[in-house]
Amino acid sequence: MILLFASIILMLALFAINLSTKSGIPSLLLFLVLGIACSFLGVDFADYQFSEKFATFALIVIMFYGGFGTNWKMGKPVVKEAAILASLGVVFTALLTGYFIYLVFKLPFLESMLIGSIVGSTDYASVSNILKSKNLNLKYSTAPLLEVESGSNDPFAYTMTMLFLSLILGEKVSVPLMILKQIGLGVLFGFLFAFICGKLLKVINLQKDGIATIFMAAMALFAYSFTSVIGGNGYLTCYIFGIIVGNMHFIGKKDIVFFFDGFSELMNIGLFFLLGLLATPSRIIASLPIAFAIMLFMTFVARPVSVVGLMLPFKLKKNQLLVISWAGLRGAAAIAFAIMATNAGNGGKLYSVDVYHIVFGICFLSSIIQASFMAAIAIKTDMLDKSDTVLNTFNYYSDKSDIGFLKTEITEKSNLAGKKVKDLNLVFNFIIAKIKRDDKTIIPRGEVVLEQGDTLVFAGEEYFDPYGHEIIEFSIDKNHPWANKKIVDLHLPPNRLILAINRSGTFIRAAGATVIHADDRILLITDEEIDITANNPNLIE
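Here is a short report on the structure shown in this document. (Residues numbered from 1 in each chain as written. Predicted model: local features only at pLDDT ≥ 70, side-chain atom pairs only at ≥ 80, totals over all residues. Heavy atoms only, no water.)

**A few points about the overall build of the chain**
If you tally the helices and strands in the chain, you get 18 helices and eight strands. Among the 541 residues that make up the chain, the fraction classed as buried is 49%. Summed over all atoms, the accessible surface of the chain reaches about 26,900 Å², with 64% contributed by carbon and sulfur. (Helix = DSSP H or I, 4+ residues; strand = E, 2+ residues; numbered from the N terminus. Buried < 20%, exposed > 50% of the residue type's maximum accessible area, 1.4 Å probe, protein only. Areas by Shrake-Rupley, 256 points an atom, 1.4 Å probe, with all protein chains shown as cover.)

**Focus: unusual backbone geometry**
Not every positive phi belongs to a glycine, and Lys-106 is a case in point at roughly 55°. Mapped onto the elements of the fold, Lys-106 is located in the loop between α5 (79-105) and α6 (109-118). Lys-106 gets classed as exposed once you look at its relative accessible area, which sits at 66%. Here the phi dihedral of His-491 falls at roughly 55°; this positive angle occurs in a residue that is not glycine. The topology assignment puts His-491 in the loop between β5 (471-475) and β6 (496-503).

**Description of the nonpolar core**
Residues Phe-64, Ile-118, Met-216, Phe-241, Tyr-356, Val-359 and Phe-360 are the most contacted members of the largest nonpolar core, which totals 93 residues. Examining the composition of this core, we find that eleven residues originate from one element, helix α3 (residues 48-68), more than from any other. Once residues lying within four places of it in the same chain are set aside, the contact partners of Tyr-356 are Tyr-48, Leu-275, Leu-278, Ala-279, Ile-335, Ala-338, Ile-339 and Thr-342. Leu-138, Leu-145, Leu-146 and Ile-324 belong to the second-largest nonpolar core, a separate cluster that totals 18 residues. (Core = buried A, V, L, I, M, F, W, Y, C linked by side-chain atoms within 4.5 Å. Contact = heavy atoms within 4.5 Å.)

**Some details on the side chain of Thr-122**
With respect to the secondary-structure elements, Thr-122 resides in the loop between α6 and α7 (124-133). The class for Thr-122 is buried, based on a relative accessible area of 2%. In this structure, Thr-122 is in contact with Glu-149, Ser-150, Asn-153, Asp-154, Arg-303, Gly-328, Leu-329 and Arg-330, ignoring residues within four places of it in sequence.

**Concerning the packing of α3 against helix α12 (residues 234-246)**
Running from N to C, α3 and α12 cross one another at 35°; their axes reach a closest spacing of 6 Å. Note on packing geometry: the crossing formed by α3 with α12 is right-handed. Contacts between α3 and α12 pair Thr-56, Leu-59, Ile-60, Met-63, Phe-64, Gly-66, Gly-67 and Phe-68 from the former with Tyr-235, Cys-238, Tyr-239, Phe-241, Gly-242, Ile-243, Val-245 and Gly-246 from the latter. Looking at the contact of α3 with α12 residue by residue, the classes come out as eleven nonpolar, five polar and no charged. (Axes fitted to C-alpha atoms, helices over the stretch in contact; angles between N-to-C directions. Left-handed = near helix turned anticlockwise from the far one by under 90°. Nonpolar A, V, L, I, M, F, W, Y, C, P; charged D, E, K, R; others polar.)

**A word on a nonpolar patch on the surface**
Among the surface-exposed residues, Leu-88, Phe-92, Leu-96, Phe-292, Leu-296, Phe-300, Val-301 and Val-305 lie close enough to one another that they form a single nonpolar patch of about 660 Å² accessible area. For the nonpolar patch, the secondary structure elements donating two or more residues are α5 and α14 (281-311). Among the elements that line the nonpolar patch, the one with the most residues is α14, at five residues. With respect to the element layout, Val-305 can be found in helix α14. (Patch = residues over 30% accessible without salt bridge, like charges linked within 9 Å, V, L, I, M, F, W, Y side chains within 5 Å. Salt bridge = Lys/Arg side-chain N within 4 Å of Asp/Glu carboxyl O.)

**Some details on helix α16 (residues 332-344)**
The end-to-end C-alpha distance of α16 is 19 Å, a good match for the 18 Å that 13 residues give at a rise of 1.5 Å each. For α16, the tally of buried residues reaches twelve of 13 residues, placing the bulk of the element in the interior. The complete set of buried residues in α16 reads Ala-332, Ala-333, Ala-334, Ile-335, Ala-336, Phe-337, Ala-338, Ile-339, Met-340, Ala-341, Thr-342 and Asn-343. Check the buried side of α16 and you find it contacts α3, α6, α9 (154-168), α12, α13 (253-278) and α17 (355-380). Backbone geometry just downstream of α16 places Asn-346 in the positive-phi region, at approximately 55°. (Expected span 1.5 Å × (residues − 1).)

Structure follows, in structure tokens:
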């Protein structure tokens, strides 16, 4: 019954994504509504303990892949602004919001600050979803600024939430030491695990399908868990680890991208649906007035004041500041932190108000109001980049599209040296994507003259074998009939061709004079299915 229910929800979620694409309504909001609808239909779910565990796992995946998918080349020009908004921006927004709650609603001071801290960060999934679904290519590198900020500010909200939660529970904590430990260890181990992962990627064979994905998932989980166990901020570690590793080049990266593209989307669907399912309709309605007031204060006071105040040294334009201020959507992380606070507060009994449903209301209203007017505000403030430039890199296309890249070097024996690009007369459906010369990139315009030592990068559509048996790979042991023989001496039939030889991770060109060694892996193309067991004479005959 549970599996049937889960499959129906997933199918409905796919329809919600399709509706979101056509209507512009944030898909994550639709998942929340789907969860609430199940509550209205009589599904009784109040397991905060399970919800916290699932939310923690989901946030690990979302934080890691948010970093992994960050294009550092795009984010680097605005990293200072994004880092300040992600850290001090969260602190100021949380403190201003907490003080507003304390003054207006007369809640206990620490409890007010706890609520402000929980909703202090912006939601990466919501911000990224709106920018991409509505094609908001904003001026002045604002889109990457928002994505880097929203992708990295959850750990700071988590640290503040833990701080005020500890004070409410009466634990003896040193505020400066706790903040230093959370942030310091989070940053340190983010870089350390990325360094270790980079070294391991060079020595571990990740060519077998799925191995790279398993390895990267294990590393991300280990990075989070290890840092959390010793008192650091595991979410921050996961995000930094993701950014550094995601901008590396390694075998199997495309597999990781395709897997986490779908898996992170599944985690978003599951998390938002679960958060909606956990909410009780009657308690949502009861908490809505205070949630609405807090959301309005954050949207029109706390967020703008924090953004304008912190961005003064960078002299951002007024229309840019307005869009950044409006883009402070609250989302999944805040509701997940509210679950954590509810569990820590004895099921919420420790607090004077219903923290979970207040936070839920703030995020729900933020998704409706701020998301709905995001495109209109960008247009009204003249922040849309009319050139519609999408700054994707070569890595993006090789990681996520059907475009493939090949390279060749112009040697001293090549007849290409001295020729202009326009005179190459390429006969195949390829183009020269770029020219690398002395670590510099040369744009391959027609009048560019090729030089000895240049590396040409060709681009074209990749071929996918739908039957899976046209190219086969097999190993050569010391007793194999091909061992220690030249390719030309194998006398292969016309329907078989050795494409390349994988020798200890290095691809060797399969020329006629190339000698095959024991432990080589052979890439063979054929037009039939054949047995590739060792000592099989049919490979030759």
